[in-house]
Structures are given as structure tokens and as C-alpha cells.
Amino acid sequence: MELNSKYLSNQIEAKTYKFWVDNGFFGASASPEEKPFSIVIPPPNITGILHMGHALNNTIQDVLIRFRRMQGFQALWMPGTDHAGIATQNVVEKDLVKKGLKKEDVGREKFIKLLWDWTAKYGSTIIDQLKKIGASCDWKRTRFTLDENYSDAVNEVFIRLYNKGLIYQGNYIINWCPRCKTALSDEESPYKEIDGWLYYIRYPIEKSQTRTQDYIVVATTRPETMLGDTAVAINPDDKRFKWLKGEKVILPIMNRELKVVTDEVVDPEFGTGIVKVTPAHDPADFLLGKKHNLEFINIMDDTAILNQNAGEFAGMDRFEARQALLEVLEEKKLIEKKEPYQINAGHCYRCHTIIEPRLSRQWFVKMKPLAEAAIKVVEENKVEFYPERWKKVYLNWMYNIRDWCISRQIWWGHQLPVYYCENCRGEKESQLEIPAEPSDEDRKGIIVSRQKPDQCPVCGSKQIIREKDVLDTWFSSWLWPFATFGWPFTKSDQARELHEKELAYFYPTNTLVTASEILFFWVARMIMAGLEFTGEIPFKKVIIHGTVRDEKGVKMSKSLGNTIDPLDIIDKFGADSLRFSLMLLASAGSDIYLSEEKFLVGRNFCNKIWNAARFLLTRINEKEINIKDLNLDSLDTPDKWILEKLNSTIAEATRFLEDSRINEATKRTYDFFWHTFCDWYIEMVKDNFDSKTVKVLISTFVSILKLLHPVMPFISEEIFQLIKSHTGLAMEKSIMIAPWPEKKDFSFDQEEILPVDKVIEVIKEIRNLKLALGIPASQRIKALLKANDKYKDFFSKHKVWITRLAGLKDLEFEDSLNRVLFKTDNIEVNFSLESIDEEKFIITLEKKITDLETQINRLSGKLKNQGFLKNAPSEVVTRHKDIFNELSTKTTRLTRLKQAFKD
């Protein structure tokens, strides 16, 4: 059979994927006779382009789905995409800017049409790229978070939560992005350390005859916000400033009188111990403002430009105003000093602009009532985290959960199902500017409805307007595990029946695979939503994989220029090479350190599999092979040995995959194929391809392909089809629907199989001894062997392949040896070394041992260093330990060899 000399992935992958899709192999349906297994894809943003994090995440999901599909489950991988409100709007806005326009220039209706046009053209790009890595999603089910039926679910949830009193509107300090001009949740505003300054500013005190001091000093990192100060605060236990209570403090520049308040939250160690209070521009000050009934003065608009409340600095950008204000303060000699200071500043998770805490009227969800049940199911291990350490992280966040700001001031997304009666709203409108706890009175004039009402149900007015804000993107994606099945079933009776049936069958889903950075954004909220709206957990297991980093340990990022494009790797090496390399590196949630060279291991493994297939298929002449009629009793010992090794590999790989330990399953299968099947078994039998051995070879190889299929779907399918066509084997139409291999009860006599392992041990040691003695691997030498009758008979029977694999010209059997270079159970080995200068050899050997001991001592010191063990990446520590063990083994072998020559 003629096969290409190399595995050409670019000629195989596209046609193979089309074959799977055309035959509907990815589909799943509710089938009472079969067990369900379901995963919902973390919906990628429609603006997304496949990156290595996507490749890792989706390969893990695909491995689990393909494995369960082969096990006979109805395996559903639910696909879809997220509308990505802020990100998508930014992309389309940038296109408008190129034309000299803003979204306001075209209007909301036309701008939304542009967004839909962009989505139709580019929104499926990442889906097409996921197909390139082999993702076996049920694509006919693909959902989009702005689909009509999905929007029904979003509105239903909003209305239910509002009617339950869990959604409210209020004027609070929120995270505001001046670039995106929208509110952000705490989770969308990650904090980063930046270099800044701590400014010590003098605030005048009204003169007094009993006091000589005419100013106090406060410290701030954001001097521009002082224009909105309405108080200064001290700790009541700080004796230094008890005198300040009752004094009249004046705000510089603005000449506004400030209140002096005392509060336990003030840190006496920060700055001078006196802090400025800006209730409208700082979260902590906001709480102080409400507690002490302070005035709230907003000094910025939605682009962080200072407004009329900032006096002479109105119209300036916040940072421009900072510099201008500092110059004025310097001129007035009101800056006492400044010192470098590390500022922990929130940044927009989309555009990375420094966020501005801002008093704003927004919509919120009360989270504590929803969190109670979601805490309980995790504490009771009804939802399990892998690795388990994430359980503690999840619970810590849930115990301290804060209300969720869900309104966004953008146009792309789910517009809130909220309407206002202008007549009822009237007086209440102005009152909403005052921060206060939510109450029933706040609902005056608010109508929450799926459709616009004809008139106000309270006063009958027809002056009804709709809320312009849209919902946070995560408000739609937290419904993903059940809304993707058509919940809340608002369509026709027939569709409702199907959706209800499928939700009951596939939900709760089995496994969620995700990255740690969306644990709070998404995972925790899905658990809360699932319990609140279905009464069930959304998934039973959460697998949190590590972060993809470059080889220096830096997280991959486009801005840093250290990314590796998975599509480039696929073009160069193939999708299977990408997938295999990632799974080999992805161990138990640990971070992955990548360089392009690390994908060579996948490329090389593909070539090894392909070459093994070429070797077998070009050597096998039989056209009709029935591997099911294999007579186990008539098999030769190496055949029984490989079947026994295959059996244990199947058992271990299956157990690892069932425990979601994909990395370990991948390693186990890799080691068996390369080092057991290829390096040993094929080499043992290559000179004797009788019909029994051919059946063992083919059946073992087919089982290996099945074990490899979840990780390496393309090459395993291609070779599966080649074997089927070449041998006439009655096999399934595709390997992906073939049954997963099962451990068989061979009941072989272990004593009969044991000699194969002993022979391999002897061959390895002979190779090592030749290397230690400086004898080239290609140089044939004679070995002398002493063994008991059982091993002697086995060595004699298989002398041909043993001498070939050991690099010997002959193997002689002796009753006694004058020197033993290697010894194992009932076997002793010596070499016939007439040409070796033994005295010179011992000197060389001692030098090698000394060099090895030096390296061992250096490594030992490093591995005892707690700083190294704590700070070095786990991959680096593991590599050092492996090298230490390898060097120790070499030293032991050489020491034993030296002693043998001395004896």
C-alpha cells in the first residue's frame, strides 16, 4: 500500500472535518435509552479571534466530548457566541471614526443596524476557527446571546428578579470608563499597580485667637478630586486631631467650607491621618457621605471632563486638570510635599483606561439572597472544582459578594425592559439624585414589561418612554446553560415540548471548562442563576485550566507581542500537533509555558504514528483480517505481553479521562504507543509477521488509535479509515463513533509474560553499559549471559531480535561469569571486552562519576532552597527534580560498573 512518506495534515484535516459534519456525527438528541453527557461552550465574543487560551480551553472540552461519545453517551457540546456589548460597539465605532463620524451622528437605530451587519459578516469568524482545531460541537444548535428566543430569557429573568425585589435602581458610586462611557462592575475593573505620587496639600482653617495653626495637611493621590470635597475626616481615637472637631476648614481654590467628621474607617497611618472626603468620586468616601449626611458634588461628565462644579478648571480632562490644579496650588504655596506612591488603580477590562469612580444612577441586582444557595451547593460538593483549590477562592468571593451593577450606557445589547411614566416620575426624578437605600418609593413611575405599555397602569398617562441603557453582557451569559435550550419556552407548543424534553435530559450539564479569570464574571453567576430559575445546579464539575504563558512565564498578550497564533501552528504542524502538545503540557490546572518549539513534540508524535501505520500497512499483505477470532492460547509470549500492556493502558487512560485528568491520559497513551508498542513490540515481531501476530498488531494499533482519538482526532480518523480499507476489517463508519476500548479479562499466566520485561530490562542495561564504556551503539560486541532455565530458554528462543535490539554480534550462555557488569533477578551479564584498557577505563569512569556528583550537589542545593521552590514555576521545579533523579541513577550505574571492573 502506497502512503506518503510524511503525514500531510493540510491534505487531511479539512476533508476529514467535512466528512464528520456531512454525516452528522456531532449531533446529539434526547434518548432515554442512552446516558447524556453535556458541556456548554464558554461563548466566545463575536469580536474574538482564536488565541492560544481558546485553543487550550476548547481542546479540553473536545477531548471530554469525544471520549464520552465513544463510550456510548449522547454527548452534546452546545456551541454559541456572545454579543460582547462593549467590545463589539467599540469595533464598529472605530469604523465610523475612520469616516469622520460618531455613533451619535448616525443615530441609535442606524448604528444598531451597522452592528448587526458587522455581526453577520464577522461574528462567526471564531466559530470557523474553532472548527479548524477539530471542535466537535453540535453546530446546528449554535446560539447567540442576542437571538430572539434568548432575549426572551433575558427579559424573563429581569422581570422575575424585579418583581421579587432583587433588582433596583439607585444612585451610587460605580466604576466608570470615560473611554467606553459606561458603568462597569467590580469584576470588569481589575486593579493594577501604577507609579504615582502622594500629594500633601494644605487646607486653610478659619483663624482663631486660641490657636496659632492656620491650616491642616491632607494627603491624596488624585488631587483633582479635591474640587468635589465636602468634608475632612479623622479617626475618633486619633488624639492628635481632637482639636479639629468643630473647627471651620476651607477647601482651597473653591473656598467652600468643609465639615469635619470622625469615623473609625479612617486610617491614622495614611498620610497625615486627616483625609479629604469626596463622596461623589470615591467608593469609601461615598459611604462616609451617606453615613454623615454630606453633600454630593459631581465634578466630571461621562468622558472625565471637569464640569461647571469644578470652577476655573471646567472643560479640562481629569489629568490635564490635575496638572493645572497642582500649578495653582504650588503658586499659592499650598503643597507641602509630594512623595512617590504605588497606586492600585482600576482599569477597564476592555480598553484598559483607568476607571473613574463616579456617582451615577444605575440598575443593580441584590446578590446576597442569590448567593446563599450557590454557596451551599459548593460547600456540599454538589458542584466540584478541579483543581480543588478554586473552591476556596469561589467561596471567599461569594461570602463577601456585593450588589451587581447591571446597566451599561451603550447601545449594543439587551435594552432594559423598563419604561417610565413621565407623569408619575415627575418629582421623584430629582429625588433620585440623592444617594439612598432602595425602597418601594423608588419604583414610582417605573413599569417593567416585555412590551411598551399603552398607558401608565397607575395614572393612565400615555407619556411613556423606554430606559435607554442596555444590560451588562454577563447578565445574558449567566443564563447560558439553560437559556440555550429554549428556556423559558415561549414558542409554539411543539417547540416548547422539544425544548423542555431536551432541557430535562441534558441539564444539569456535566462539566464546565473555563479559565480562572471568569470564575466570578461567569461561573459563580451561572450557579446562582441556575438555582434561582431552574431549581438545579447548572453543572456538576468545573474544570479550571491554567493560564497560557510564554517560555519566560509572562502571560501571553497581544500588547506585549509574545503571543503564538494557534492558526499558524496548525498551518505549520497540523491541528493534532497543536492539540497533543497542549494536552501534554496542561497538567492539573497549572499554567502552561509555551514556545513554538514545544509544538514540535506534537509534530514528531504525528510522524511517529504515521510511520508506524506506513510500516504496518506496507508489510501486511492479507486483505481479509478478522481480529475477533484471535485464539489467545496460541499466541506467542510477546503477543500476550503487548495485549497485557494494552489492557493496563486502556484501564489507566480511561480512569484518567473519567477523572478529567487529560494530561495524564495523554502521557500514558503516548508512552505506551511510542515506548512499548513501537520501540519494543514492533521491533520484537518485525521479522516474523505470521497471521496471529498480524491480528495482534492490527487490533492493538486500532485500540491505540481509539485511545488517541479524543486528543488527536484527525490522524486517528485517517489511519482508522486506511486500516479499514486495506484490511477489510468490519469497523464503524468513523472512529469517533466507534466504541471506546475496554479492558479485557485475558487471564494470561503472568509468569509466562514476565520474561519479556526482564529481556527489555537487560537490553536497556546493555545499551547503557555500551554508552558508559564508550562503545558506539553501532559497534557489535559479544555478551555473556548467566540465567536460570526459565530465562535462558526465553533468551534462546528469541535470540535473533534480542541481539538485534541490544546491538550485539552474539549472545552466549554461560554457567558462571568471571565478572558481572549487570545483575537482575536470576540474570547476570558480562561483555567480552578484549580491546578495552581496563585501568584507563576505570580512571575515565571515576572522572565521569566526579562530574556527575558535582552536578548533583549543585542541584541538591537548589532543591533545598525554599525560595527557589516557592518562587520558581512548577514546571521548572519538576524539571530540576527529574534531572536530579536522572543524574543520581547514572551515578549509581557508573559506580556499580567501576566496582565490577575493580573486583
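See the structure shown above.
Throughout what follows, the structure given in this document is the object of discussion. Throughout, residues of each chain are indexed from 1 in the direction in which the sequence is written. Given that the model is predicted, a residue must reach a pLDDT of at least 70 before its local features are reported, and side-chain atom pairs must reach 80 or more before they are shown or counted; all residues, however, enter totals for whole chains, interfaces and linings. Hydrogen atoms and water are omitted, and side-chain values are computed over all heavy atoms in the structure.

Under the pairing criterion, centres of Phe, Tyr and Trp rings, with the six-membered ring standing for Trp, must be within 6.5 Å; the plane angle then separates stacked pairs below 30 degrees from edge-to-face pairs above 60, leaving the rest tilted. Applying the stated criterion to the full structure yields 45 aromatic pairs. Relative to phenylalanine 26, the ring of tryptophan 20 has its centre 6.2 Å away and its plane inclined at 55°; by these criteria the two rings are tilted. This pair shows no difference in class: tryptophan 20 is buried, exactly as phenylalanine 26 is. In this structure an aromatic cluster arises from ring pairing among Phe158, Tyr162, Trp363, Trp404, Phe475, Trp478, Phe482, Trp487, Tyr507 and Phe533. Here lysine 131 stacks its cationic end above the ring of tryptophan 139, 5.2 Å away from the centre of that ring. Two conditions define a charge located above a ring, namely a distance within 6 Å from the ring centre to NZ of Lys or CZ of Arg, and an angle within 35 degrees of the ring normal. Over the ring of tyrosine 200 we find lysine 337; its NZ or CZ atom is 4.5 Å from the centre of that ring. Under the scheme applied here, a residue whose accessible area is under 20% of the maximum for its type counts as buried, over 50% as exposed, and between as partly exposed, the area being computed with a 1.4 Å probe on protein chains only.

Moving on, we come to empty space enclosed by the protein. Buriedness of a pocket was judged along seven lines, with at least five required to meet protein on both sides within 12 Å; pockets are open sets of points on a 1 Å grid over the protein atoms alone, cavities are sets where a 1.4 Å probe fits but cannot get out, and lining residues have an atom within 4 Å of a point. Grid points are joined across faces, edges and corners, and a volume is the space filled by probe spheres set on the points. Within the structure shown, the criterion is met by two cavities of 30 Å³ or more. There is about 80 Å³ of room inside the largest cavity. Along the walls of the largest cavity sit Phe580, Leu657, Ile662, Ala665, Thr666, Thr669, Leu707, Leu708, Pro710, Val711 and Met712, which together make up its complete lining. The helix count covers DSSP runs of H or I at least four residues long, the strand count covers runs of E at least two residues long, and both are numbered beginning at the N terminus. If you list the elements that add at least two residues to the lining of the largest cavity, you get α21 (662–685) and α22 (691–708). Ranked by residue count, the leading element in the lining of the largest cavity is α21, at four residues. Of the residues that constitute the lining of the largest cavity, the class distribution is nine nonpolar, two polar and no charged. One number sums up the size of the second largest cavity: a volume of about 30 Å³. Taken together, Ile86, Glu188, Tyr349, Arg408, Ile410, Leu471, Asp472 and Thr473 make up the lining of the second largest cavity. In this classification, the charged set is Asp, Glu, Lys and Arg, the nonpolar set is Ala, Val, Leu, Ile, Met, Phe, Trp, Tyr, Cys and Pro, and all remaining amino acids, among them Gly, are polar.

The next subject is the pairing of strand β1 (residues 36–40). Burial analysis of β1 places four of its five residues in the buried class, the great majority of the element. Taken together, β1, helix α2 (residues 52–70) and strand β2 (residues 74–78) form a β-α-β motif whose crossover is right-handed. Convention used here: a crossover is right-handed provided that the path from the first strand, over the helix, to the second strand proceeds clockwise when the strands point away from the viewer.

So, on to the pattern of salt bridges. Put simply, a salt bridge is a Lys or Arg side-chain nitrogen that is within 4 Å of an Asp or Glu carboxyl oxygen. One pass over the structure, following the stated rule, counts 48 salt bridges. Salt-bridge contacts for aspartate 62 lead to arginine 66; the nearest nitrogen and oxygen are separated by 2.8 Å. Taken together, the positions of aspartate 62 and arginine 66, both in helix α2 and four residues apart, correspond to about one turn of that helix. For the pair shown, aspartate 62 and arginine 66 are each scored as buried. Glutamate 264 is paired through a salt bridge with lysine 291; the nearest N and O atoms lie 4.0 Å apart. Of the two residues, glutamate 264 is situated in the loop between β11 (256–262) and β12 (275–277) and lysine 291 in helix α8 (residues 283–291); the sequence distance between them amounts to 27 residues. Glutamate 264 sits in the exposed class, given a relative accessible area of 58%. By relative accessible area, lysine 291 is classed as exposed at 54%. Through salt bridges with shared partners, a single network forms among Asp138, Lys140, Arg141 and Glu502.

Ranked by size, the top nonpolar core spans 225 residues in total, and within it Met52, Phe158, Phe475, Phe677 and Phe701 carry the most contacts. In terms of residues, this core owes the most to one element, α21, which gives twelve residues. If sequence neighbours within four positions are ignored, methionine 52 has contacts with Val548, Met556, Ile564, Asp565, Pro566, Ile569, Leu578, Leu582, Leu594 and Phe599. Within the second largest apolar cluster, 34 residues are counted, among which are Leu258, Val260, Leu326 and Val328. The nonpolar core is taken to be a set of buried Ala, Val, Leu, Ile, Met, Phe, Trp, Tyr and Cys residues, with the residues joined through side-chain atoms within 4.5 Å. Whether two residues touch is decided by their heavy atoms; if any such pair falls within 4.5 Å, the residues are in contact.

A separate point is the pairing of strand β8 (residues 215–220). A regular strand carries its side chains on alternate faces of the sheet. When you tally the buried positions in β8, you get five out of six residues, the bulk of the element. Two strands are counted as paired when DSSP detects at least two bridges linking them. The pairing of strand β7 (residues 191–204) with β8 spans six bridges and is classified as antiparallel. In the strand pairing of β8, proline 204 is matched with tyrosine 215.

Attention now goes to the packing of helix α25 (residues 789–797) against helix α26 (residues 799–806). Helix-helix packing is described using two parameters, namely the angle between the two axes and the distance between the axes. To get an axis, fit a line to the C-alpha atoms, keeping to the stretch in contact for a helix; angles then go from 0 to 180 degrees between the N-to-C directions. Two numbers describe how α25 lies on α26: the axes approach to 5 Å, and their chain directions differ by 80°. Taken together, the axes of α25 and α26 lie roughly perpendicular to each other. Contacts between α25 and α26 pair Phe794, Phe795, Ser796 and Lys797 from the former with Lys799, Trp801 and Ile802 from the latter. Partitioned by chemical class, the residues of the contact of α25 with α26 number four nonpolar, one polar and two charged. Any angle from 65 to 115 degrees is called roughly perpendicular, while one under 35 is roughly parallel, one over 145 is roughly antiparallel, and all others are oblique.

Moving on, we come to the packing of helix α18 (residues 575–585) against helix α19 (residues 600–619). Taken N-terminus to C-terminus, the directions of α18 and α19 make an angle of 120°; their axes are 7 Å apart at the nearest point. On the basis of the axis angle, α18 is oblique to α19. As for the relative orientation of α18 and α19, their crossing is right-handed in sense. Residues Asp576, Ser577, Phe580, Ser581 and Leu584 of α18 form the contact with α19, whose own contacting residues are Val601, Gly602, Arg603, Phe605 and Cys606. Here the contact of α18 with α19 is composed, by residue class, of five nonpolar, three polar and two charged. Take the far helix as your reference; a near helix turned counterclockwise from it by less than a right angle gives a left-handed crossing, and one turned clockwise gives a right-handed crossing.

What follows covers helix α7 (residues 148–163). Along its 16 residues, α7 runs 23 Å from first to last C-alpha, staying within 8% of the 22 Å computed at 1.5 Å per residue. Residues of α7 that are buried: Tyr150, Ser151, Ala153, Val154, Asn155, Glu156, Val157, Phe158, Ile159, Leu161 and Tyr162. Remark: glycine 165 follows α7 within two positions and exhibits a positive phi of approximately 80°. Take the number of residues in a helix, subtract one, and multiply by 1.5 Å to get its expected span.

Moving on: the sheet that holds strand β26 (residues 781–787). The strand order across the open sheet built from four strands is β27-β26-β29-β28, with neighbouring strands paired in mixed fashion. With one partner strand each, in any of the chains shown, β27 (808–813) and β28 (822–824) form the two edges of the open sheet. Averaged over all pairs of adjacent strands, the angle between their axes in this sheet comes to 20°, without regard to strand direction. Sheet analysis places β26 next to strand β29 (residues 827–831), joined by five bridges and oriented antiparallel. Bridging from a neighbouring strand, leucine 785 pairs with valine 829 of β29.

Strand order across the open sheet formed by three strands is β15-β23-β22, with parallel pairing between neighbours. Unpaired on one side and paired on the other, β15 (384–386) and β22 (509–515) mark the two borders of the sheet. Neighbour to neighbour, the strand axes of the sheet diverge by 20° on average, direction disregarded. Note that β22 and strand β23 (residues 539–545) share six bridges and pair parallel. Considered in β23, the bridge of threonine 509 is made with phenylalanine 539.

If you trace the backbone, glutamate 379 turns up in helix α10 (residues 368–379). Discounting residues that sit within four places of it in the chain, glutamate 379 has contacts with Lys391, Leu395 and Tyr399. Polar contact is the term for a pair of N or O atoms within 3.5 Å; when the atoms are in protein, one must be able to donate a hydrogen and the other to accept it, and sequence-neighboring residues count only if both atoms are side-chain atoms. A distance of 2.5 Å separates polar atoms of two side chains, one belonging to glutamate 379 and the other to tyrosine 399.

To continue, consider the side chain of glutamate 467. With respect to the helices and strands, the residue glutamate 467 is situated in the loop between β20 (464–466) and β21 (470–471). Neither His nor the chain termini are counted; the positive set is Lys and Arg, and the negative set is Asp and Glu. Buried glutamate 467, no salt bridge; nearest opposite-charge side chain is arginine 361, N-O distance 6.5 Å. Within the structure, the side chain of glutamate 467 is placed 3.1 Å from the backbone nitrogen of aspartate 469, a separation counted as a polar contact. Those residues in contact with glutamate 467 that lie beyond four places of it in its chain are Gln169, Trp363, Gln415, Leu416, Val418 and Tyr420.

Turning next to the environment of leucine 754. With respect to the secondary-structure elements, leucine 754 resides in helix α24 (residues 750–772). Taking the relative accessible area as the measure of exposure, leucine 754 reaches 29% and is therefore partly exposed.

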